[in-house]
Amino acid sequence: KIVETFESLESLGLVVVGEEIHCNQTGYSLDIVIRMENSKKEIAVEIDGPSHFIKYFPKGATTLKRRQLNRLADRALLSIPYW
């Protein structure tokens, strides 16, 4: 699934900076970090599988991680649900 996501992102003109990147501000691991081809601004991408949800609602740990990454990290966060 990650390889498909990489290919999709690159087809949109995005550069994959890395995968499983450690966020120093929060201590969390980020699934993918991307940036636009002509930009230095990075975006964290979290691909959330079924274990992150109860029905279609994020579990508490997922909500907390999103909140902390949005407020503390120096990158924007994009969360992609499995559906």
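Refer to the structure printed above.
Values in this document were obtained by computation on a predicted structure and should not be read as measured data. By convention here, each chain's residues receive numbers from 1 onward along its written sequence. Local features in this predicted model are restricted to residues of pLDDT 70 or higher, and side-chain atom pairs are both shown and tallied only at a pLDDT of 80 or more, whereas totals for entire chains, interfaces and linings draw on every residue. Hydrogens and waters are ignored; side-chain quantities use all the structure's heavy atoms.

Please clarify how the pairing of strand E3 (residues 42–48) should be interpreted in this entry.
On a regular strand, one side chain projects to one face of the sheet and the next to the other, so that they alternate. Of all 7 residues making up E3, 5 are buried, and the element is well covered by its neighbours. We treat two strands as partners when DSSP finds at least two bridges between them. By the criteria applied, helices consist of DSSP H or I runs no shorter than four residues and strands consist of E runs no shorter than two, each listed in order from the N terminus. Here strand E2 (residues 29–36) runs beside E3; their pairing, made up of 4 bridges, is antiparallel. If you follow Val-33 over to E3, its bridge partner there is Ala-44. Joining the antiparallel neighbours E2 and E3 is a turn of 5 residues. Only protein chains enter the accessibility calculation, which uses a 1.4 Å probe; a residue is then buried when its area is under 20% of its type maximum, exposed when over 50%, and partly exposed in between.

Please clarify how the pairing of E2 should be interpreted in this entry.
Pairing between strand E1 (residues 14–22) and E2: 7 bridges, direction antiparallel. Each residue of the ladder has a partner; that of Ile-21, found in E2, is Leu-30. Between the antiparallel neighbours E1 and E2 lie 6 residues, among them Gly-27 with a positive phi of about 85°.

Even after reading the chapter, I still don't get the packing of aromatic side chains, so can you show me in this structure?
Aromatic ring pairs are defined here through the distance separating the ring centres and the angle between the ring planes. Here a Phe, Tyr or Trp ring, Trp counted by its six-membered ring, pairs with any other such ring whose centre lies within 6.5 Å, and the pair is stacked when the planes are under 30 degrees apart, edge-to-face when over 60, and tilted otherwise. Applying the stated rule across the entire model yields 4 aromatic pairs. Relative to Trp-83, the ring of Tyr-56 has its centre 4.8 Å away and its plane inclined at 90°; by these criteria the two rings are edge-to-face. Of this pair, Tyr-56 sits in the loop between strand E4 (53–54) and strand E5 (57–58) while Trp-83 is found in the segment after strand E6 (76–81), placing the two residues 27 residues apart along the sequence. Neither residue differs from the other here; Tyr-56 and Trp-83 are each classed as exposed. A centroid spacing of 5.3 Å and a plane angle of 85° characterise the contact between Tyr-82 and Trp-83, whose relative ring orientation is edge-to-face. Among the aromatic residues, those joined into a ring-pair cluster are Phe-53, Tyr-56, Tyr-82 and Trp-83.

Just checking my understanding: could you explain the environment of Ser-39 for this structure?
Summarising the element assignment, Ser-39 is placed in the loop between E2 and E3. Separated by 24 residues in the primary sequence, Ser-39 and Val-15 place their C-alpha atoms 9.6 Å from one another. Residues adjacent in sequence count toward polar contacts only when both atoms are side-chain atoms; beyond that, a polar contact is any pair of N or O atoms within 3.5 Å, and within protein one must be able to donate a hydrogen and the other to accept it. Polar contacts involving the side chain of Ser-39 include one to the main-chain amide nitrogen of Lys-41, which spans 3.0 Å.

Whenever I open this one, the sheet that holds E6 confuses me. Can you help?
Backbone-to-backbone hydrogen bonds join strands into a sheet, with any given pair of strands oriented parallel or antiparallel. Strand order in the open sheet formed by 4 strands is E1-E2-E3-E6, and the pairing between neighbours is mixed. The sheet is open, and its two edges are formed by E1 and E6, each paired on a single side. This sheet shows a mean twist of 30° between the axes of neighbouring strands, independent of strand direction. Working convention: axes come from line fits to C-alpha atoms, limited for helices to the stretch in contact. Angles between N-to-C directions cover 0 to 180 degrees.

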